Amino acid sequence: LAIILKIIGYVLMAIMMDFWGFFVGCMFLAAGTAIFKPGVQGTLAATLKESNASVGWGIFYQLVNVGGFLGPVLAGVLRIMDWQYVFYSCAIIVAINFLWLPFYKDPTEGMEISEEFADPWKVFVTSVLGLFKPRVFFFCIVFSGFWLMFNQVFDLLPNVIDDWVDSSGIIANIGAAFSHGWVTALLAITGGILYGGVCAAGVWLAMRPDHRAASEVPFPAYWVLAICFAGAIYACVAGMPMGQLLLILIGSSIAMSALAYFMRLGAGLLTKAVFAIAAIGSLINIRSTLDAQAPILIEMAEQGQQVNPEWMINLNPGLIVFTMIFFGYLTSFVRPLTSIIVGMVIATAGSVVAGTATAGFLCLVGILVFSVGEMFSSPKKMEYLATLSPKGQEGLFMGYANIPVAIGWIAGSIFAGNRYETSGDKVNLAKQHLIEQLGLSSDAVGALQKSEVLPLLSEKLNMTAMQTQQFLFETYNPHHIWIDIGLIGLGSIVAMVIYDRVLHYIDSKPSAA
C-alpha cells in the first residue's frame, strides 16, 4: 500500500503543473512514506539485539544515504532533459521494491496481538498517549531545535553556496589531480569495485537471503538477477546508441536470468560473474572519462565556473555511505543519549562553518564535520526510541522519531526561508543596494530580469562579478543568519544535556526500578 501511494504521488507530481495538483501528489507521497518508514524501522527495532543495535541502526542509516547520495546525481542529469523525468524515474525506482517484498518476513508474525491494537480507535488513542509519555515527549521537543538547524544544511545551504561560495578553486584542484594518471587509475579501480559490489550484492541478496540451496530460490529472485545483470552489462556498453543499448540490456538480462533459472546456477557463481562484469566495465569507463575531464575542468576554473551546490552537499551522504558502519561501531561503546549529545555538538559546529564560509574548500570542511556529527546523533535517535518502546510497539515508537524532523523542518522553513529571502539572497541584496545606495527607482529595478541585476550592479560599481559578490557579503553580512541558526542548535544541545541529567537523576534513585 505504501509503495502504491508513493508511485501515485510521484506520477501526479510529474503531470500536474498547477499548485493544488502538485500538492496532492506531495500528500500521496507523504502518506506512503508515513506508512513505509515506521514499518521498516519497526522491523529493525523488533529484530536487533542490544549487542548489535548500534551497528544495525548504522547500517540502516548507511543504506538510506545510498539513495541520498545517488538521488541528486540522477536528478541532476534527468532535470537537464526534462523535470518530469525526475518524478517518473522516482516512481520506477520505488516500484522496484515490489521485487523485494516476497523476501520480507514479518518479525512479529505468530505473536499474539494485544487487544488495544485490534481496534483502529484504540490504536489512535494508544499512539497519542505514547507520544505524551514524558521521556518521549520531552525528547521530541528538545531534539526539534537541533533538527531545525540540521535541515537547513539541506534546505538553505544550497542557496548559500550558490550565492556566496567561490568553489572555482575546487574545480581547478580536481582538474590538476586528474592530469596525473595514477589519480584517475586509483579512482577508476575504486569506482569499479564499488559499482561491481553493488550489483553483486543485489544478486546475492536475491538468490540467497537465507543461505538456501539454488533449487529453493523463488522465481521473483530471477527478476532481481536480471536487473542486476543489466546494470553490470550497462557499465560495459554505456557508449552505444540508445536503440542498440536497450536491445543488448534487455536481451542479455533475460537470457542470463533464464539460464540461471533452468540450470539452477549457484548464488556464489552468479555473484562473482556479475561483480566481475560490472567492475571491469565501470573501471574502463571511469578511467577514460576522468582522463578526458582534466583539461576541461582546468579551463572551467579559469573561467570562474562554480561547483553545483548539489554536488557539494552530496559529500554528506557519500561520507555516510562509506564510513557509517565504522561510526556505528564506535558509538556502540557509549549510551545513545551520550552519542546524540556529542553528535549534536559536532554537527552544529560543522553547519556554522559551512554556512558562513565563502571559500569552497572551507565549506566542504564544514559539510564533512557536520556529517560526522550526523553519524553520531541521527541513527542513535532511532536506537534510543527503540529502547523506550514496549514489546510490540516498535513501529509506533519509530513513528515518533519523525516528529522532531517534522517540527524542525516546518519551523526552520518559516524562520530561515523568510529571513534569507530578505537579508541573505544575493539578487535581493543587490536590488536593495541599487535602490538605497545608488539611487535607482524601485520600478526600474523591479523590471529587471533576475539575471540582469548583478551585471548591472557590477557595472555601476566598476567591479568584476566575484568582486561584487564579495562586496555585498561584507556590506550586508548574510552569514549572520547562519550564526543564529547555530545558536538554535546550541540551545537544543543545552536542553538535551539537561534532559539527560534529569533522567540520570531519576533512574539513579532507589525507587527507579
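Refer to the structure above for everything that follows.
Just so it is clear, the model here is predicted, and its values are computed rather than measured.

So, how was this worked out
Residues numbered from 1 in each chain as written. Predicted model: local features only at pLDDT ≥ 70, side-chain atom pairs only at ≥ 80, totals over all residues. Heavy atoms only, no water. Helix = DSSP H or I, 4+ residues; strand = E, 2+ residues; numbered from the N terminus. Contact = heavy atoms within 4.5 Å. Polar contact = N/O pair within 3.5 Å; in protein donor to acceptor, adjacent residues only side chain to side chain. Patch = residues over 30% accessible without salt bridge, like charges linked within 9 Å, V, L, I, M, F, W, Y side chains within 5 Å. Areas by Shrake-Rupley, 256 points an atom, 1.4 Å probe, with all protein chains shown as cover. Salt bridge = Lys/Arg side-chain N within 4 Å of Asp/Glu carboxyl O. Core = buried A, V, L, I, M, F, W, Y, C linked by side-chain atoms within 4.5 Å. Buried < 20%, exposed > 50% of the residue type's maximum accessible area, 1.4 Å probe, protein only. Axes fitted to C-alpha atoms, helices over the stretch in contact; angles between N-to-C directions. Parallel < 35°, antiparallel > 145°, perpendicular 65-115°, else oblique. Left-handed = near helix turned anticlockwise from the far one by under 90°. Nonpolar A, V, L, I, M, F, W, Y, C, P; charged D, E, K, R; others polar.

Engineer: What's the story with the side chain of glutamine 152 in this structure? I'm lost.
Structural biologist: Its location among the elements puts glutamine 152 in helix α7 (residues 134-155). When residues no more than four places from it in sequence are discounted, the contact partners of glutamine 152 are Leu157, Gly412, Ser413, Ala416, Trp482 and Ile485.

Engineer: How should I be thinking about the side chain of aspartate 163 in this particular structure?
Structural biologist: In this fold, aspartate 163 is placed in helix α8 (residues 157-164). At 2.7 Å, the side chain of aspartate 163 and the side chain of tyrosine 420 are in polar contact. Once residues within four sequence positions are removed from consideration, aspartate 163 is found in contact with Tyr420, Gly424, Asp425, Lys426 and Gln469.

Engineer: How should a nonpolar patch on the surface be read in this particular structure?
Structural biologist: A grouping of Ile483, Leu487, Leu490, Val494, Ile498, Val502, Tyr505 and Ile506 is seen on the molecular surface, where their side chains present a nonpolar patch of about 740 Å² in accessible area. Its place among the elements puts isoleucine 483 in helix α24 (residues 480-508).

Engineer: Looking at this structure, I do not really get unusual backbone geometry. What am I missing?
Structural biologist: Phi is mostly negative for residues that are not glycine, and the peptide bonds are mostly trans. A positive phi angle is found at arginine 264, which is not glycine, with a value near 50 degrees. For arginine 264, the position within the fold is in the loop between α12 (242-263) and α13 (267-302). One non-glycine residue, asparagine 462, lies in positive phi territory at about 60 degrees. With respect to the secondary-structure elements, asparagine 462 resides in the loop between α22 (450-461) and α23 (465-476).

Engineer: Honestly, the nonpolar core in this entry has me stumped. Any pointers?
Structural biologist: Within soluble globular proteins, side chains that are nonpolar tend to cluster in buried spots. Grouped together as the largest cluster of nonpolar side chains are 78 residues, with contacts concentrated most on Trp57, Phe139, Leu157, Met312 and Met496. Apart from the residues within four sequence positions on either side, tryptophan 57 is in contact with Gln41, Leu44, Ala45, Leu48, Pro379, Met382, Glu383, Ala386 and Met398. Core analysis: the next-biggest nonpolar cluster, separate from the first, contains 25 residues, Cys199, Leu249, Met256 and Ala278 among them.

Engineer: For this particular structure, what's the right way to read the packing of helix α10 (residues 181-207) against helix α11 (residues 220-237)?
Structural biologist: Angle between the axes and distance between the axes: these two values describe a pair of packed helices. As a packed pair, α10 and α11 sit with axes 8 Å apart at the nearest point and diverge in direction by 165 degrees. Taken together, the axes of α10 and α11 are roughly antiparallel relative to one another. Crossing hand, α10 versus α11: left-handed. In contact with Tyr195, Cys199, Gly202, Val203, Ala206 and Met207 of α10, α11 contributes Ala221, Tyr222, Val224, Leu225, Cys228, Gly231, Ala232 and Ala235. Within the contact of α10 with α11, the residues separate by chemical class into 12 nonpolar, 2 polar and no charged.

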